[in-house]
Amino acid sequence: MSYISKIDLSTAPQEVRAAVDNHLAQGYQLTNEKLTLLHNVTAFHTLEESSYELDRELQRLIGKRAADFYEYAISLQNDCLVCSAYSVSYTHLTLPTTS
């Protein structure tokens, strides 16, 4: 159960709905984390824009596949099950199975 509620888009202020519309128009998805973060649109923009910008720069420097593996490794090292599962499903990485 969450400690901070998610934004209800049906009753959200226009600024929040505009941020959501823009985010979706760029092809991104809304997650529970993002819906919670939208309580503060400035925080939402800061976190989202900087993370996507950082990902694009990393891909430019080392390539998409290497960037995907790098981000996956960080998720594993941080013990972030959600992040690492997202990395695998989003990037279609094929990981070795353990026997």
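Residues numbered from 1 in each chain as written. Predicted model: local features only at pLDDT ≥ 70, side-chain atom pairs only at ≥ 80, totals over all residues. Heavy atoms only, no water.

### Brief notes about the overall build of the chain
Line of reasoning, step 1. Of the regular secondary structure elements, the chain holds 5 helices and 0 strands.
Line of reasoning, step 2. Listing each helix as α and each strand as β along the chain from the N terminus yields α-α-α-α-α.
Line of reasoning, step 3. Across the 99 residues that make up the chain, the buried fraction comes to 22%.
Line of reasoning, step 4. Across the chain, every contact between residues at least 6 apart in sequence was considered, and the portion connecting residues at least 24 apart equals 35%.
Line of reasoning, step 5. Carbon and sulfur atoms provide 57% of the accessible area of the chain, an area that totals close to 7500 Å². (Helix = DSSP H or I, 4+ residues; strand = E, 2+ residues; numbered from the N terminus. Buried < 20%, exposed > 50% of the residue type's maximum accessible area, 1.4 Å probe, protein only. Contact = heavy atoms within 4.5 Å. Areas by Shrake-Rupley, 256 points an atom, 1.4 Å probe, with all protein chains shown as cover.)

### As for helix H4 (residues 64–77)
Line of reasoning, step 1. Taking 1.5 Å of rise per residue, the 14 residues of H4 would be expected to cover 20 Å, and the 20 Å separating its terminal C-alpha atoms lies within 8% of that figure.
Line of reasoning, step 2. All of the buried residues along H4 are Ala-67, Asp-68, Tyr-72 and Ser-75. Relative to the axis of H4, the buried residues are bounded by an arc of 135° and lie together on one face.
Line of reasoning, step 3. Asp-79, located one to two residues past H4, shows a positive phi value of around 60°. (Expected span 1.5 Å × (residues − 1). Arc of directions from axis to C-beta.)

### Examining the pattern of salt bridges
Line of reasoning, step 1. Per the counting criterion, the structure on display carries 3 salt bridges.
Line of reasoning, step 2. Between Glu-48 and Lys-34 there is a salt bridge; the shortest N-O distance is 3.5 Å. In this pair, Glu-48 is assigned in helix H3 (residues 41–62) and Lys-34 in helix H2 (residues 32–37), connecting sequence segments 14 residues apart. Neither Glu-48 nor Lys-34 differs from the other in exposure class; each is buried.
Line of reasoning, step 3. Asp-68 is the salt-bridge partner of Lys-64, the closest N and O atoms lying 3.0 Å from each other. (Salt bridge = Lys/Arg side-chain N within 4 Å of Asp/Glu carboxyl O.)

### Considering the packing of H3 against H4
Line of reasoning, step 1. Orientation of H3 relative to H4, taken along the N-to-C sense of each, is 125°, at an axis distance of 7 Å. Considered as vectors, H3 and H4 are oriented oblique to each other. Of the two possible hands of crossing, H3 and H4 adopt the one that is right-handed. Contacts between H3 and H4 involve Asp-55, Leu-58, Gln-59 and Ile-62 from the former and Lys-64, Ala-66, Ala-67, Tyr-70 and Glu-71 from the latter.
Line of reasoning, step 2. Each residue belonging to the contact of H3 with H4 can be placed in one class, and the counts come to 5 nonpolar, 1 polar and 3 charged. (Axes fitted to C-alpha atoms, helices over the stretch in contact; angles between N-to-C directions. Parallel < 35°, antiparallel > 145°, perpendicular 65-115°, else oblique. Left-handed = near helix turned anticlockwise from the far one by under 90°. Nonpolar A, V, L, I, M, F, W, Y, C, P; charged D, E, K, R; others polar.)

### Here we look at the nonpolar core
One broad rule of soluble globular proteins: the nonpolar side chains tend to lie buried together.
Line of reasoning, step 1. Judged by nonpolar contacts, Ile-7, Ala-12, Val-16, Ala-19, Val-20, Leu-35, Leu-38, Val-41 and Phe-44 together constitute the single largest core of 9 residues.
Line of reasoning, step 2. Elements supplying a minimum of two residues to this core: helix H1 (14–25) and H3.
Line of reasoning, step 3. Ranked by the residues each element gives to this core, the list is headed by H1, at 3 residues.
Line of reasoning, step 4. What Phe-44 contacts, discounting residues up to four positions off in sequence, is Ala-19, His-23, Lys-34, Leu-37 and Leu-38. (Core = buried A, V, L, I, M, F, W, Y, C linked by side-chain atoms within 4.5 Å.)

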